[in-house]
Amino acid sequence: MNIVFISMDTMRASRLGCYGYQKPTSPYMDQIAEQGVLFERAYAADIPTEVAHTGIFTGKVGLRTGVVSHGSPLTQLPKKESWLPSLLQNQGFTTAAVDNLYQLKEWFARGYRYYINSVQKTRSIDGKSVNELAFKWIREHKEDDFFLFLHYWDPHTPYQPPSSYVPAFYDQGRDPYDPANRSMDAAYNHAAYPFFKHHHYDLLGPITDAAYVNALYDAEVRYLDDRLRELDELLIAEGVYDDTLLILFGDHGESLTEHDIYWDHCGLYETSVQVPMIMRWPGRIPEGRRVKGLVQQVDMLPTILEAAGIMTPTNIDGRSLWPSIRGEADGTHDAIYLSECAWQASRGIVTKDYKFIRTLDAGPFVRPPRELFDLRVDPDETVNIAESSPAIADELAYQLDEWTEKMLNGRADPMLKQIEVGLPFRNRIHEILLQYGLTWDEWIQDPRRDRFDEASAARHAGR
């Protein structure tokens, strides 16, 4: 048996054809979904990347491992925690990863016989390079029972797809640099601008049309789709396709201007926490199955172990997806609890019908302390009904508190610890601002692009 476990970083479910998107971003992923099972309401309970992947590989939510933030020096993962590659390696699987998360935290290299760092000098981490590294390894180990983790970053900022991919998603009669177009103003004058200026905007040039940036995201998704097609072609050519459990998932989604979030993945809204999850195993997983109930990323660990015939640790939060795959159930949870602690600090709960969010620290955003959305009539989460439906909000808040207390089990709340020292991305912005003679408190009162750019220009002119 082989397992190819694919993280599609920053992949938003609603931007794929198999999840209802009308533009041609994912013809091959759509085909994979038809060959196996697609989970319509799969959630990243902890975002963003560091906490999501920690949960995936431990089968535990962040409050249980203590890893709730991203890029924070406060977090460590004890070596006693269960870890999917280690569990598989201990049972005879040859384990490998093409990944770079080790550079973020050391625990991401645990359990691998072969850890192939995907960092390169050009175009961030390119899917073609990931494939080159992975294909060589597959050819060398195709006779083994293997677990291969592939981490693709192509939909992540900065969006720089090959130019040939863009016309399918952007009207070539439009000018993305039209000075009369003001749709980028809100992004450029956002409090997070000092971070994204160098990370993203400067690399794209003086774009004025927000729709063009969204088109670049779609083009990145299509570019990755072609890389996954190439991977499948290799599995077929090397004779391992039929005995390979293939799993595609997003570690988190992406907000494309919604909720005052401009091409990033914070906020516990559907754009950032609802992710694709697709599984295919010829002859073992029924074709064309769509699971409508709630599932979450930590469910993948026990599902993989069950497929491999390995005993599942008892102290995890994930539940096997196999009853849902076989049609004996429809999801694994009645409610999923959500958490973020990087750009902002929030917790939430999503049920079949509602989403409740409590914000403890809004970071560079403006958020009410409580948000409630009726997902049945407001799937885009545009109308906060927390004040007009207080009984529902109170009940979900109570449920969230009960769950939090249970998960902490008497331990200190790591989110509160992080808030005390500052959220990681707020701290990063503050460090950037200090280089240009500004402070966070000064900036947050008047976050205008021209103000920061003038400070930046003055500093460079003074060199």
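Remember, it's a predicted structure, so these values are computed and weren't measured experimentally.

Conventions adopted
- Just so you know, the residues in each chain are numbered from 1, in the order the chain's sequence is written.
- Predicted model: local features are reported for residues with pLDDT of at least 70 only, side-chain atom pairs are reported and counted for 80 or more only, and whole-chain, interface and lining totals are derived from all residues.
- Think of the side-chain values as coming from all heavy atoms in the structure, minus any hydrogens and water.
- Runs of H or I in DSSP of at least four residues are treated as helices and runs of E of at least two as strands, each being numbered from the N terminus.
- All radius of gyration figures rest on C-alpha atoms, and the globule criterion is 2.2 Å times the number of residues raised to 0.38.
- Residue exposure ignores everything except the shown protein chains as possible cover, and the areas themselves are Shrake-Rupley values with a 1.4 Å probe.
- In this charge count, Lys and Arg are treated as positive and Asp and Glu as negative; neither His nor the chain ends contribute.
- Where a charge lies is defined by one atom per residue type, namely NZ (Lys), CZ (Arg), CG (Asp) and CD (Glu).
- Per-residue accessibility, obtained with a 1.4 Å probe over protein chains only, is compared with the maximum for each type, and a residue is labelled buried under 20%, exposed over 50%, and partly exposed between these values.
- What makes a salt bridge here is a side-chain nitrogen of Lys or Arg within 4 Å of a carboxyl oxygen of Asp or Glu, nothing more.
- Orientation is described by axes fitted as lines to C-alpha atoms, over the contacting stretch for helices, and by angles from 0 to 180 degrees between their N-to-C directions.
- An angle counts as roughly parallel when it lies under 35 degrees, as roughly antiparallel when it exceeds 145, as roughly perpendicular when it falls between 65 and 115, and as oblique in every other case.
- Note on convention: near helix rotated counterclockwise from far helix by under a right angle means a left-handed crossing. Clockwise means right-handed.
- Whether two residues are in contact is decided by their heavy atoms: any pair within 4.5 Å suffices.
- Note on pairing: two strands pair once DSSP finds at least 2 bridges between them.

A. Local environment of the overall build of the chain. Within the chain one finds 16 helices and 16 strands. Radius of gyration (C-alpha) of the chain: 22 Å, near the 23 Å computed for a compact globule of 463 residues. With the C-alpha coordinates aligned to their principal axes, the bounding extent of the chain is approximately 60 × 50 × 45 Å. Carbon and sulfur atoms make up 49% of the accessible area of the chain, which totals about 18400 Å². For the chain, the separation between the mean place of its 47 positive charges and that of its 68 negative charges on side chains is 3 Å.

B. Spatial organisation of helix 2 (residues 49-58). Along helix 2, ten of the ten residues are buried, which leaves the element largely enclosed by surrounding structure. Those residues of helix 2 that fall on the buried side of the exposure criterion are T49, E50, V51, A52, H53, T54, G55, I56, F57 and T58. Residue G59 follows helix 2 closely and has a positive phi angle near 75°.

C. How the structure looks around the pattern of salt bridges. Under the counting rule described, the total for this entry stands at 34 salt bridges. Salt-bridge contacts for R448 lead to D446; the nearest nitrogen and oxygen are separated by 2.8 Å. Exposure remark for R448: the relative accessible area of 35% places this residue in the partly exposed category. According to the relative accessible area criterion, D446 is partly exposed, its value standing at 28%. Salt bridges sharing common partners tie together K197, D202, R449 and D453.

D. Spatial organisation of the packing of helix 7 (residues 193-204) against helix 16 (residues 449-461). Running from N to C, helix 7 and helix 16 cross one another at 65°; their axes reach a closest spacing of 10 Å. On the basis of their axis angle, the class for helix 7 and helix 16 is roughly perpendicular. The two elements helix 7 and helix 16 meet at a crossing, and its hand is right-handed. Listed contacts from helix 16 to Y193, P194, K197 and H198 of helix 7 are R449, F452, D453 and S456.

E. Layout of unusual backbone geometry. Backbone torsion omega between I47 and P48 reads 0°, so that peptide bond is classified as cis. Looking at the element boundaries, P48 is found in the loop between strand 3 (46-47) and helix 2. The residue after T157, namely P158, is reached through a cis peptide bond having omega 0°. Mapped onto the fold, P158 is located in the loop between strand 6 (146-152) and helix 6 (185-188). Positive phi is not limited to glycine here, since T10 has a value of about 70°. Residue placement: T10 occurs in the loop between strand 1 (2-8) and helix 1 (27-35). When its relative accessible area of 0% is taken as the criterion, T10 is described as buried. Positive phi is not limited to glycine here, since H259 has a value of about 60°. With respect to the element layout, H259 can be found in the loop between strand 8 (255-256) and strand 9 (262-264).

F. Focus on the pairing of strand 2 (residues 37-43). When you tally the buried positions in strand 2, you get seven out of seven residues, the bulk of the element. Alignment of strand 2 against strand 11 (residues 277-280), held across two bridges, turns out to be antiparallel. Within strand 11, the residue paired with V37 across the bridge is M279. Across two bridges, the pairing between strand 2 and strand 10 (residues 274-275) is antiparallel. The partner of Y43 across the bridge, within strand 10, is Q274.

Everything listed here is a matter of geometry and, on its own, says nothing about what the molecule does.
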